[in-house]
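Geometric and topological summary
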Amino acid sequence: MVLFLFSYICTKFRKNFCAVYQLCARTQSAIIQNIKDVLEHKTQKTNQKRIRKGETIMVNVGIIGAGRIGKVHVESICTQVADAKVKMLADPFMNEQTEKWAKDMGVEAVTKDYKEILADPDIDAVLICSSTDTHSPISVEAIKAGKHVFCEKPIDHDVAKIKEVIDALKESNVKYQVGFNRRFDHNFEAVQKAVADGKIGDTHIIKITSRDPEPPCADYVKVSGGIFLDMTIHDFDMVRFLAGCNATEVYVEAAVLVDPAIGEAGDVDTAVITLKMENGAIAVIDNSRKAAYGYDQRAEVFGSKGMVAVSNDSTSSAVISNADGVTGEKPLYFFLERYMAAYAKEIKCFIEAIENDTDTPLGVMDGLEPVLMGLAAKKSLEEHRPVKISEITV
């Protein structure tokens, strides 16, 4: 009888132990799954809510800087970029008028402190559209905050500060794009494609004409970094884009022919720049701060098998021929008219790189090279000689 009772108790104990063990195992599994769910939710929340590569999502964007170019990007994202929305706009001079405009455009929130954008876990990417001297330090802050970064040109005028951004990116996996919008213009894209497709053979000569409709004020010139780092920097990038390689040497002839106040501010307003390219081609850029007929943006590439060239955009292509002569319309007057579609397209490409986990069209090194070219151009003008890019210390 004793043995029977002992056997019965042991059997019951084993059954209860198994039940308890199974309960614990189920509980443990549930806890682990809950932890996984929380981590997955957190990852999705801080990593742009992506579940798998290539999925169409809504990328939350914060824009730093509500000046002219900041507003351009707000407008282009809110009206033309389907997969992104502006969650927050920051500017230290934010006022009621700008706040109302932003809200009317669909921006969710505004602030005077850009750090609120960097601290917001729901914001996936930032656009840095503030003053040039803030581009590199905010870039580093944003990278360390785990935000994808679109930075308006230039990253900085100081090569050492650009190097700090490069180093920060080495420690991160965020996307970084520099805002050279002209690469996304339909005309220049067509020229580059013709060259890349071999339509004109080997490239021999590249010509770029870039002339503004009106000169900037002297106060702006003083803080702009000068014509080569403010205006020509776009053309330096375009030369690289069309040539498919970097420049090796720069030579400049320049003068003050438009506005004496620009010269008094320590800059020039008219320049012709020649460049030697890595592929052997020769490039020529001509700049003027004032073209009386409007915004003059043309390019030509001549090669061993032919030539490709584009002229200016105008309101229409209508040409009137009568007894008074043959006349057409002037070029579009201002860069916002000329390049608004390009601004939207560059942001679309930035968002696509985030969604698809691919490289951006213009990385940080594409931001460095035009600055090196600009610094070489300044040195050439000062020393009246050709300057090799390698002379500019990185």
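Residues numbered from 1 in each chain as written. Predicted model: local features only at pLDDT ≥ 70, side-chain atom pairs only at ≥ 80, totals over all residues. Heavy atoms only, no water.

1. Here we look at the layout of surface pockets
- Counted as a void, the largest pocket has a volume near 1,200 Å³.
- Lining the largest pocket are 46 residues, and of these Arg68, Ile69, Lys153, Tyr220 and Asp230 sit closest to its centre.
- Sorting the residues of the lining of the largest pocket by element identifies helix H2 (68-80), helix H5 (132-144), helix H8 (218-224), helix H9 (227-230) and helix H12 (335-356) as the ones contributing at least two each.
- With five residues, H5 is the single largest residue contributor to the lining of the largest pocket. (1 Å grid on protein atoms, 1.4 Å probe; cavity = no way out; pocket = protein on both sides within 12 Å on 5 of 7 lines; lining within 4 Å. Points joined across faces, edges and corners; volume = space filled by probe spheres on them. Helix = DSSP H or I, 4+ residues; strand = E, 2+ residues; numbered from the N terminus.)

2. Here we look at empty space enclosed by the protein
- In this structure the tally under the stated criterion is one cavity of 30 Å³ or more.
- For the largest cavity, the calculated volume is near 50 Å³.
- Around the largest cavity sit Arg182, Phe188, Ile208, Thr209, His234, Asp235, Met238, Gln297 and Arg298, which together line it.
- Those elements that place two or more of their residues in the lining of the largest cavity are strand S7 (203-211), helix H10 (232-243) and strand S11 (296-303).
- Among the elements that line the lining of the largest cavity, the one with the most residues is H10, at three residues.
- A per-class count over the lining of the largest cavity returns three nonpolar, three polar and three charged. (Nonpolar A, V, L, I, M, F, W, Y, C, P; charged D, E, K, R; others polar.)

3. Let's talk about the sheet that holds strand S6 (residues 176-179)
- Spatially, S3-S2-S1-S4-S5-S6 is the arrangement adopted by the six strands of the open sheet, whose pairing is parallel. Of all strands in the sheet, those with a lone pairing partner are strand S3 (109-111) and S6, marking the two edges. For this sheet, the mean angle separating the axes of adjacent strands, direction not counted, is 20 degrees.
- Note: strand S2 (residues 84-90) against S3, three bridges, orientation parallel. Bridge assignment links Ala90 to a residue of S3, and that residue is Thr111.
- Along the sheet, H5 contacts strand S1 (59-64), strand S4 (125-128), strand S5 (148-152) and S6; its crossing angle with S5, the most-contacted strand, is approximately 170 degrees. (Pairing = 2+ DSSP bridges. Axes fitted to C-alpha atoms, helices over the stretch in contact; angles between N-to-C directions. Contact = heavy atoms within 4.5 Å.)

4. Regarding the confidence of the model for the protein chain
- Per-residue confidence for the protein chain averages 89 on the pLDDT scale, and 86% of its residues sit at or above 70.
- Here residues 1-52 is modelled with pLDDT under 50, and outside its nearest four sequence neighbours on either side it reaches 22 contacts, counting other chains as well. (pLDDT = per-residue confidence, 0-100.)

5. A word on the pairing of S7
- Pairing of S7 with S11 involves eight bridges; the strand directions are antiparallel. When the sheet's bridge partners are listed, Ile205 is paired in S11 with Phe302.
- In this structure, S7 lies alongside strand S10 (residues 282-288), joined through seven bridges in parallel fashion. Residue pairing in the sheet places Arg211 in a bridge with Ser288 of S10.

6. Digging into the nonpolar core
- In terms of nonpolar packing, the biggest core is built from 102 residues, with Tyr176 and Leu275 touching the most fellow members.
- Per-element accounting of this core gives the leading share, ten residues, to H12.
- Once residues lying within four places of it in the same chain are set aside, the contact partners of Tyr176 are Ser139, Ile143, Val149, Cys151, Ile155, Val165, Leu169, Thr360, Leu362, Gly363 and Val364. (Core = buried A, V, L, I, M, F, W, Y, C linked by side-chain atoms within 4.5 Å. Buried < 20%, exposed > 50% of the residue type's maximum accessible area, 1.4 Å probe, protein only.)

7. Side note on the sheet that holds strand S12 (residues 307-310)
- In spatial order, the strands read S12-S11-S7-S10-S9-S8-S15; together these seven strands make up an open sheet with mixed pairing. Since the sheet does not close on itself, it has two edges, and those belong to S12 and strand S15 (387-388), each with one partner.
- Across eight bridges, the pairing between strand S8 (residues 247-255) and strand S9 (residues 270-277) is antiparallel. Bridging across to S9, Ala247 finds its partner in Met277.
- Sheet strands in contact with helix H13 (residues 364-383) are S8, S9 and S15, and its direction is about 50 degrees off that of S8.

8. Quick notes on a nonpolar patch on the surface
- Where nonpolar side chains cluster on the molecular surface, the patch consists of Ile205, Phe302 and Met307 and spans about 260 Å² of accessible area.
- Note on placement: Met307 falls in strand S12. (Patch = residues over 30% accessible without salt bridge, like charges linked within 9 Å, V, L, I, M, F, W, Y side chains within 5 Å. Areas by Shrake-Rupley, 256 points an atom, 1.4 Å probe, with all protein chains shown as cover. Salt bridge = Lys/Arg side-chain N within 4 Å of Asp/Glu carboxyl O.)

9. Comments concerning the environment of Ile285
- Note that Ile285 resides in strand S10.
- Exposure remark for Ile285: the relative accessible area of 0% places this residue in the buried category.
- Residues Ile285 and Thr209, 76 residues apart in the sequence, show an inter-C-alpha distance of 5.9 Å.
- Not counting residues within four places of it along the chain, the set of residues in contact with Ile285 comprises Ile208, Thr232, Asp235, Phe236, Val239, Ala271, Val272, Ile273 and Leu275.

10. Focus on the pattern of salt bridges
- Counted by the stated rule, this structure contains 29 salt bridges.
- Of the charged contacts, one joins Lys222 and Asp219 as a salt bridge, the two residues approaching to 4.0 Å between their closest N and O atoms. Note that Lys222 and Asp219 are positioned in helix H8 at a spacing of three residues, about one turn of the helix.
- A salt bridge links Glu383 to Lys379, with the nearest nitrogen and oxygen atoms 3.0 Å apart. Taken together, the residues Glu383 and Lys379, both in helix H13 and four residues apart, mark about one turn of the helix.

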